[in-house]
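Understanding the architecture of this molecule
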Amino acid sequence: MYDAVVVGARCAGAPTAMLLARKGYRVLLVDRDTFPSDIMSTHYIHLPGQVRLQRWGLLDKVIESGAPYITQRTLHFNGTAFQPPNPPIPEGLSTDTLCPRRIILDKILVDAAVEAGADLRERFSVRELVRDNGRVTGIRGGPREQEVEERARLVIGADGLHSTIARLVQPREYDCKPSLTFGYYAYWSGVPDTGMHIHFFDDASGVLVFPTNWGQTCIGVGGLNAGFHDFRKDIEGNYLKVIDRIPELSRHVRAGKREGKFLGTADMPNYFRKPYGPGWALTGDAGYHRDFITGLGINDAFLQAELLATAIDDAFSGRRSEEEAFALFEKERNRFVKPTYDLTVRMAGGENIEPMELVAFGVAMSAMIPA
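Only a predicted model underlies this, so the values are computations on that prediction, with no experimental measurement involved. (Residues numbered from 1 in each chain as written. Predicted model: local features only at pLDDT ≥ 70, side-chain atom pairs only at ≥ 80, totals over all residues. Heavy atoms only, no water.)

Turning our attention to the sheet that holds strand S12 (residues 206-211). Pairing is mixed in the open sheet, where 7 strands are placed in the order S4-S3-S11-S12-S13-S10-S14. The two strands at the open ends of the sheet, each matched to only one other strand, are strand S4 (80-82) and strand S14 (257-265). Averaged over all pairs of adjacent strands, the angle between strand axes in this sheet comes to 15°, irrespective of strand direction. By the bridge criterion, 5 bridges tie strand S3 (residues 73-77) to strand S11 (residues 196-200) in an arrangement that is parallel. By the bridge assignment, Thr74 is partnered in S11 with His197. (Pairing = 2+ DSSP bridges. Helix = DSSP H or I, 4+ residues; strand = E, 2+ residues; numbered from the N terminus. Axes fitted to C-alpha atoms, helices over the stretch in contact; angles between N-to-C directions.)

Below, the structure written as structure tokens:
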């Protein structure tokens, strides 16, 4: 029997498994994919997430993978450039950030969990929860021809936006907003690295540009959700039309080379879920999700991994009751992410955001930096 089964082995699940295993707990980490493998993502790691990688001992591995440091971040409002001041950070920390490819980052995180002592099972799909007297006590799943049952004190759903665990436990949702935007991105070679750029236009469309591994640049475009179906009729043509609104970037993109296909979605609901119940917990996008426009996914996954691992240790060790420990996890999660969630929803909804509000966003991010 395991202390915890973590379902989902990417940016939320793998760090949670790693931190629990480092505390001495017996952990099973399962995922329907194999690693290394890619996934749709904004890639960007805000400063608090990077600090967590550093204190987990994983930052050097990400840097060694070739992910370039981003030393300059520029916001563009209808052609007016604005470089937000760096948020207040502890002395000795760099304000440079990273946008690693997920095929690299997720493998580093999974390997760290295994190195810490977690058991990993790939190509493992969870189909059912085991319950005893109303409490979740395990999972059933695996390959179709080799289905198994595993028992645990706690089952953790870290399996993303369309979480199987959330679907099975049906948690209460609150502060919900429907999908407000859509986005498509692709990787390009031949585009100079000038740091990260986010362009906002009056019609609520936008462009995100950031350098990533292998000398490539990830460039995403987006707009209000209502325009998704028209955009899909000619993805490449419409993508380039948005890029053409930025002449210098357009020249580089049209002279460069697209590496791989376009990836996109309009499935970006905004919600909070109660992240715990008898024998189960939710973390990452399974427990809280927001639009991609502010690139918070990885940062918030890392934050929740630490908060949840602490709550589990408090409950399992008897320092707090289970209800007290997990209620505190939910409270702390919401305290940290609610300010950025609210601004993200406003931006995704097409509201005009004043530059000083983005300074406040930076202050809220600095509050997430671990001591």
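Here Asp313 lies in helix H9 (residues 297-317). What makes Asp313 buried here is its relative accessible area of 15%. With sequence-adjacent residues up to four places away left out, Asp313 is seen in contact with Lys23, Tyr25 and Arg319. (Buried < 20%, exposed > 50% of the residue type's maximum accessible area, 1.4 Å probe, protein only. Contact = heavy atoms within 4.5 Å.)

On the basis of which strands lie adjacent, the open sheet formed by 3 strands has the order S9-S15-S18 and antiparallel pairing. Edge positions in the open sheet fall to strand S9 (173-177) and strand S18 (288-289), since each of these has one partner strand only. Here S9 pairs with strand S15 (residues 270-273) via 3 bridges, running antiparallel. Following the sheet pairing, Tyr174 is matched in S15 by Phe272. Across the sheet, helix H10 (residues 322-348) is in contact with S9, S15 and S18; its angle to S15 comes to roughly 170°.

Right, let's talk about the pairing of S3 for a bit. Among the 5 residues in S3, 5 count as buried, and that is most of the element. By the alternation rule, side chains of S3 split into Arg73, Leu75 and Phe77 and Thr74 and His76, which are all buried. Alignment of S3 against S4, held across 3 bridges, turns out to be antiparallel. Within S4, the position partnered with Leu75 by the bridge is Phe82. From the end of S3 to the start of S4, which pair antiparallel, there are 2 residues, and Asn78 there has a positive phi angle of about 50°.

Moving on to the packing of helix H1 (residues 13-22) against helix H4 (residues 102-116). At a minimum axis separation of 8 Å, H1 and H4 run at an interaxial angle of 20°. With respect to their mutual orientation, H1 and H4 come out roughly parallel. Here H1 and H4 pass one another in a crossing that is left-handed. Of H4, the residues touching H1 (which contributes Ala14, Pro15, Ala17, Met18, Ala21 and Arg22) are Leu109, Val110, Ala112, Ala113 and Ala116. Here the residues of the contact of H1 with H4 are counted per class, giving 10 nonpolar, no polar and 1 charged. (Parallel < 35°, antiparallel > 145°, perpendicular 65-115°, else oblique. Left-handed = near helix turned anticlockwise from the far one by under 90°. Nonpolar A, V, L, I, M, F, W, Y, C, P; charged D, E, K, R; others polar.)

With respect to the element layout, Leu358 can be found in helix H11 (residues 355-366). Residues Leu358 and Arg232, spaced 126 residues apart in sequence, show a C-alpha to C-alpha distance of 31 Å. Filtering out sequence-adjacent residues up to four positions away, Leu358 remains in contact with Leu75, Phe77, Leu343, Met347 and Ile353.

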